[in-house]
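Fold and contact review
If you want the building blocks of each chain, they are given just below.
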Number of protein chains: 2
Amino acid sequence: MPKQVDHEQRRRVLSEAVFAVISTQGFEAVSLRDVAEQAGVSMGTVQHYFPTKQQMLSFALSHMRERVMARLQAAIAALCEPTRRDLIRAATAVMLPVDPAGREEACVNIAFFSAATVTPAYAEQLRDGYGRVLTVSVANFREAARLGELRDGIDPDVEAPALYFLTQGLIGPVLVGLYSPDQALLLVDAQLDRMFRPASP
Amino acid sequence: MPKQVDHEQRRRVLSEAVFAVISTQGFEAVSLRDVAEQAGVSMGTVQHYFPTKQQMLSFALSHMRERVMARLQAAIAALCEPTRRDLIRAATAVMLPVDPAGREEACVNIAFFSAATVTPAYAEQLRDGYGRVLTVSVANFREAARLGELRDGIDPDVEAPALYFLTQGLIGPVLVGLYSPDQALLLVDAQLDRMFRPASP
DNA sequence: ATGTTTTTAATGCGATTGCATGATAACGAC
DNA sequence: GTCGTTATCATGCAATCGCATTAAAAACAT
């Protein structure tokens, strides 16, 4: 057997190059040559792992979801004895562009959201990914309600989507500098204060 | 004197063609040829009114803001004896992709938001435009508070941005079909119910 | 009607694109 | 070592891009 290479791993590395190009030069500037240069390989190598540009971008989008999920799990793992509120706040902070990694992911995500309006394949991937996150978020809120951590009159099935979409809506303004990351987190915390009972002493 | 044409009017018409191309073929597919064909003119005509593609897109972005504002004013004018809540809800509904016009505007806006992450000129235009809308929204909420239409404990300076960014966050999911326009409006109404006192009989 | 200027159209050009092809280098089974 | 397979690379090609150039058409002052 010939030289053996982990194809999936290679594709992930190339996807990272795609992210770098998108976040620094824009989605429309993504070319096989740029990606190859960014990854430090030849264009032929990119073609070897991705038969078409479309497949490359589609893989990159799915890899992006995995990357965000990994960062989320890492953030959660860093918490010690987290409350439901801590978990929800951590998940929110991960989605906001508060650090370079988050900013890169936000740039890439918004680019694919834009492309999804005319590319059904992207739309399906995004629906699936964000639908999953939303489901988890609702489950988290319901668990918080079951544990009695929510204030009276707070409906998990309403507030979970509300907080989630509020977070999504903050991403764009933070990216273009209309809102600072701190302002965004302040707004999120204000919402959490409204939904959760004060911590018992 | 020679043939006289309203340049601004002409640029607006071409901008509409730009919108059509963006919303049907995507931002990256925008070329001078496509825009010309969509507008039913030759490529030379497009070049005559827009020396460069960059200027064309920049003008289109500023025209988009005017178009949204016009649609907002029309929606408000259609209301008879509107309350503050009616005004705020109308403004929200205009920004959501609930009809073809709204959807086209949302597609174009998200495309420019994506492009703005690597094109400071776009970012500045968007900051300016969305900052203005946000200011008006806050003013509306403050007026509602002054009139005693808000529930106790509702802070206009917190809830106005919250509702605004919630709306922004709903646009993407509605565009890709994760949320239906009706669901989005339901979520908005739930928030308004939370903020505003019930209508007095 | 004529001349002048704006508007519209048509075409060309260098650069870049995605993709196909063929050559080279590297690695594992024998 | 030899061979066969694979990974990597370099190059070529048709198509398309933004932009420049040039010519025809149209509309008003005279």
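Residues numbered from 1 in each chain as written. Chains lettered and ligands numbered in written order. Predicted model: local features only at pLDDT ≥ 70, side-chain atom pairs only at ≥ 80, totals over all residues. Heavy atoms only, no water.

As named in an unreviewed UniProt entry, chain A is HTH-type transcriptional regulator PksA, taken from Actinoplanes siamensis.

Focus on the nonpolar core
L170(A) and L170(B) are the most contacted members of the largest nonpolar core, which totals 127 residues. When residues no more than four places from it in sequence are discounted, the contact partners of L170(B) are F165(A), L96(B), Y179(B), A184(B), L187(B) and V188(B). (Core = buried A, V, L, I, M, F, W, Y, C linked by side-chain atoms within 4.5 Å. Buried < 20%, exposed > 50% of the residue type's maximum accessible area, 1.4 Å probe, protein only. Contact = heavy atoms within 4.5 Å.)

Regarding the packing of helix α6 (residues 100–116) of chain A against helix α6 (residues 100–116) of chain B
Packing of α6(A) against α6(B) leaves a shortest axis separation of 9 Å and a crossing angle of 150°. By the angle class used here, α6(A) and α6(B) are roughly antiparallel. Remark: the crossing between α6(A) and α6(B) carries left-handed chirality. Contact residues: α6(A) offers I110(A), A111(A), F113(A) and S114(A), while α6(B) offers I110(B), A111(B), F113(B) and S114(B). (Axes fitted to C-alpha atoms, helices over the stretch in contact; angles between N-to-C directions. Helix = DSSP H or I, 4+ residues; strand = E, 2+ residues; numbered from the N terminus. Parallel < 35°, antiparallel > 145°, perpendicular 65-115°, else oblique. Left-handed = near helix turned anticlockwise from the far one by under 90°.)

With respect to α6(A)
Between the first and last C-alpha of α6(A) there are 24 Å, a value that for 17 residues agrees with the 24 Å anticipated at 1.5 Å per step. Counting buried positions along α6(A) yields 14 of 17 residues, so the element is predominantly enclosed. (Expected span 1.5 Å × (residues − 1).)

Quick look at the relation of the copies chain A and chain B
Between chain A and chain B, the superposition needs a rotation of 180° and an axial shift of 0.0 Å, giving an RMSD of 0.0 Å. In the structure described here, the two chain copies are related by an operation that fits a two-fold rotation axis. (Least-squares fit on C-alpha atoms with pLDDT ≥ 70 in both.)

Remarks on the pattern of salt bridges
Working definition: two side chains of opposite charge can pair if their charged atoms are close together. Enumeration according to the criterion identifies 28 salt bridges over all chains in this entry. A salt bridge links D99(B) to R71(B); its shortest N-O distance comes to 3.5 Å. Placement of the pair is D99(B) in the loop between α5 (84–95) and α6 and R71(B) in helix α4 (residues 53–77), with a sequence separation of 28 residues. D99(B) gets classed as partly exposed once you look at its relative accessible area, which sits at 31%. One salt bridge connects R89(B) with D189(B), and the closest N-O pair in it is separated by 2.5 Å. Linking R89(B) in helix α5 with D189(B) in helix α9 (residues 181–195), this pair joins segments that are 100 residues apart in sequence. Judged by relative accessible area, R89(B) falls into the partly exposed class, the value being 29%. Overlapping salt bridges bring together E16(A), R67(A), R71(A), D99(A), E104(A) and E105(A) as one network. (Salt bridge = Lys/Arg side-chain N within 4 Å of Asp/Glu carboxyl O.)

A few points about the UniProt feature "domain: HTH tetR-type" (unreviewed entry) in chain A
Sequence positions flagged by UniProt for "domain: HTH tetR-type" (unreviewed entry) are, in local numbering, residues 8–68 of chain A. Helix makes up 80% of residues 8–68 of chain A and strand 0%, whereas the separation of the span's terminal C-alpha atoms amounts to 17 Å. (UniProt positions renumbered as here; feature names shortened; annotations may be inferred.)

Details of the UniProt feature "DNA-binding region" (unreviewed entry) in chain A
Look at the UniProt record and you will see "DNA-binding region" (unreviewed entry) annotated at residues 31–50 of chain A. Measuring from the first to the last C-alpha atom of residues 31–50 of chain A gives 13 Å, for a span that is 75% helix and 0% strand.

Points about the packing of helix α5 (residues 84–95) of chain A against helix α9 (residues 181–195) of chain A
Residues and elements named next belong to chain A. At a minimum axis distance of 11 Å, the contact between α5 and α9 shows a crossing angle of 155°. Between α5 and α9, the crossing angle belongs to the class labelled roughly antiparallel. By crossing handedness, the relation of α5 to α9 is classed as right-handed. Contact residues: R85, I88, R89, T92 and A93 in α5; L185, V188, D189, L192 and D193 in α9. Taken together, the residues that form the contact of α5 with α9 break down as five nonpolar, one polar and four charged. (Nonpolar A, V, L, I, M, F, W, Y, C, P; charged D, E, K, R; others polar.)

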